[in-house]
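An overview of the molecular structure
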Amino acid sequence: MVFYKNKFFLILYGLSVFFIFLGWAFYFVKLGDFEHLLLIRYDTVTGIDFLGSKYYCLGMLGFGLFINCFNFFISWFFYQRERILSFLALFSSLFASSLIFIAILVIINSN
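Quick summary incoming for the structure in this document. (Residues numbered from 1 in each chain as written. Predicted model: local features only at pLDDT ≥ 70, side-chain atom pairs only at ≥ 80, totals over all residues. Heavy atoms only, no water.)

1. Describing the overall build of the chain
Helices and strands together make up the secondary structure of the chain, namely three helices and two strands. In the chain, which comprises 111 residues, the proportion classed as buried is 35%. Pairs at least 24 apart in sequence give 67% of the contacts found in the chain among residues at least 6 apart. If you sum the accessible surface of the chain, you get close to 7,200 Å²; carbon and sulfur atoms cover 72% of it. (Helix = DSSP H or I, 4+ residues; strand = E, 2+ residues; numbered from the N terminus. Buried < 20%, exposed > 50% of the residue type's maximum accessible area, 1.4 Å probe, protein only. Contact = heavy atoms within 4.5 Å. Areas by Shrake-Rupley, 256 points an atom, 1.4 Å probe, with all protein chains shown as cover.)

This is the structure:
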């Protein structure tokens, strides 16, 4: 069986890519014309700890897209040998994409 015909494979990879592209869409809708600094990190003891531009969010989304592509090639490589490693790579990609999406939502909504 070829790996792209496996429905579970396609669902996992499709969800991870969906989370990244949903983060991109949310970024461009909310921060398209935003010119102020973003609050990146806040600590309850010391207060505002790290400010950054809106391009830090783009870096996070780009890194998430890189992780998805890298895990796709790892899962493609391991599919014929060990399918469990292939699905482990896809689950890690889905987990990383969902965490990046949540981080983007929190950063954008807190500003």
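2. Points about the side chain of S97
In this structure, S97 sits in helix α3 (residues 83-110). Among the polar contacts made by the side chain of S97, one reaches the main-chain carbonyl oxygen of S93 at a distance of 2.9 Å. The contact partners of S97, leaving out residues within four places of it in the chain, are S16, F19, I20 and N68. (Polar contact = N/O pair within 3.5 Å; in protein donor to acceptor, adjacent residues only side chain to side chain.)

3. So, the nonpolar core
The biggest cluster of nonpolar side chains holds eleven residues, and these are I20, F26, Y27, L31, L38, C57, L61, I100, I104, I107 and I108. With four residues, α3 is the single largest residue contributor to this core. Of all hydrophobic cores here, the second largest spans eight residues; its members include L12, Y13, Y79 and L94. (Core = buried A, V, L, I, M, F, W, Y, C linked by side-chain atoms within 4.5 Å.)

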